[in-house]
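# Topology and contacts: notes
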Amino acid sequence: MKLAFGIEKLDEALGGGLDKDSVNLILGRSGAGKTILASHWAAEGARKGESVVYLATTMGRKSCESYLGKMKFMEDVFSKIHWRFVRIEAKFLLPLTPEKLEESVISTIKMEPDEVDRIIFDSVTDMDKALGDPVLYRTALRYLSRLCYKNDITALFVEEAPLMKEWSETKNIAESVILLDILRVPDGYARALRILKKYRTAHPLDYIPFEITDEGIVIKDGKYVRKNYEFEYRA
Ligand SMILES: Nc1ncnc2c1ncn2[C@@H]1O[C@H](COP(=O)(O)OP(=O)(O)OP(=O)(O)O)[C@@H](O)[C@H]1O
Ligand SMILES: [Mg+2]
């Protein structure tokens with residue numbers, strides 16, 4: 001079973017959407033469109049009558065209402081999503097055990113985990129910052145994934161890709177990874193997304209162009225390829 005974004009061309013590229021009961025990742029730099037893409041997925045779940053939790057660490061209720069609440073795809077469903085606004089602090093996570101993390105998540109979502117169909121963690125980067133240690137962060141993500149698998153929750157992590165340093169290992173935990181990027185093109189910059197991986201699915205590898213409008217994410221036709229190929233196939 002697939003849990004769609006409600007963005008036709010993207011769902012098609014993903015083979016129908018995200019796999020039920022899997023852990024997934026949206027990765028991208030600041031302003032790339034991560035929150036908007038994740039909220040499309042939340043809205044589509046709510047539209048289908050699923051129980052959707054959106055755990056937001058980077059915005060408050062007011063700005064969420066005036067930002068995402070005004071987008072076209074949120075019409076009729078904004079109030080159906082269980083929005084949770086939290087500030088992650090190390091004391092909620094430490095000492096890091098599966099029980100402690102589970103307890104913190106449950107008290108935050110204010111629901112029984114087995115009642116949740118879709119959950120969005122936007123962003124896990126704030127958990128990384130709160131813990132301040134890559135090993136602890138990786139462990140916390142594993143516990144979080146385990147909690148989702150155990151309760152048949154389909155999860156979407158949102159993570160900020162660093163500008164300079166090494167990328168995190170979150171992509172190794174996720175069953176699918178969508179990278180949102182801003183590409184340098186001959187006449188400026190353009191938004192594009194790329195499915196880095198999706199288990200069990202043959203998906204395009206190209207950069208797919210998109211725009212952000214008041215309607216949300218709009219996928220455009222065509223694809224971006226590197227102009228100067230580094231490899232060339234010869235028979
Ligand atoms: N109504 C709109 N019309 C056009 N572009 C918009 C609109 N709303 C937002 N954007 C674009 O989307 C960007 C923000 O998208 P989004 O909030 O999803 O980014 P993000 O990757 O979650 O960023 P952050 O790192 O701040 O969390 C804005 O910087 C702007 O470029
Ligand atoms: Mg965001």
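Right, let's walk through the structure included here. (Residues numbered from 1 in each chain as written. Chains lettered and ligands numbered in written order. Predicted model: local features only at pLDDT ≥ 70, side-chain atom pairs only at ≥ 80, totals over all residues. Heavy atoms only, no water.)

Our focus in this paragraph is helix α4 (residues 98-109). For α4, spanning twelve residues, the distance from its first C-alpha to its last is 16 Å, which sits close to the expected 16 Å at 1.5 Å a residue. Of the residues making up α4, those classed as buried are Leu 101, Ser 104, Val 105, Thr 108 and Ile 109. One side of α4 carries all its buried residues, which in axial view fall inside an arc of 120°. Away from its buried face, by an angle of more than 90 degrees, α4 presents the exposed residues Glu 99, Glu 103 and Ser 107. Contact partners of the buried residues in α4: β4 (52-56), β5 (82-85), β6 (118-122) and α6 (134-150). The positive-phi residue at the C-terminal boundary of α4 is Lys 110, with phi of around 55°. (Helix = DSSP H or I, 4+ residues; strand = E, 2+ residues; numbered from the N terminus. Expected span 1.5 Å × (residues − 1). Buried < 20%, exposed > 50% of the residue type's maximum accessible area, 1.4 Å probe, protein only. Arc of directions from axis to C-beta. Contact = heavy atoms within 4.5 Å.)

Note that strand β10 (residues 208-213) and strand β11 (residues 216-219) share four bridges and pair antiparallel. Bridge pairing in β11 links Glu 211 to Val 218. Adjacent in sequence and paired antiparallel, β10 and β11 are bridged by two residues. (Pairing = 2+ DSSP bridges.)

On to the pattern of salt bridges. One pass over the full model with this rule turns up 16 salt bridges. For Asp 19, the salt bridge identified is with Arg 200, shortest N-O distance 2.9 Å. Residue Asp 19 is found in strand β2 (residues 18-19), and its partner Arg 200 is found in the loop between β9 (188-198) and β10; the two are separated by 181 residues along the sequence. Take Asp 19: its relative accessible area is 8%, and that puts it in the buried class. It is possible to trace a salt-bridge network through shared partners that takes in Lys 2, Asp 19, Glu 175, Lys 198 and Arg 200. (Salt bridge = Lys/Arg side-chain N within 4 Å of Asp/Glu carboxyl O.)

The amide bond that connects Leu 94 to the next residue, Pro 95, takes the cis arrangement and shows omega of -5°. Its location among the elements puts Pro 95 in the loop between β5 and α4. A cis geometry characterises the amide bond from Asp 122 onward to Ser 123, with omega recorded as 5°. Checked against the element boundaries, Ser 123 lands in the loop between β6 and α5 (125-131). Despite not being glycine, Asp 152 shows a phi value in the positive range, around 55°. Here Asp 152 lies in the loop between α6 and β7 (154-160). Residue Asp 152 is classed as partly exposed on the basis of its relative accessible area of 44%.

Spatial relationships are all this shows, so hold off on functional conclusions.
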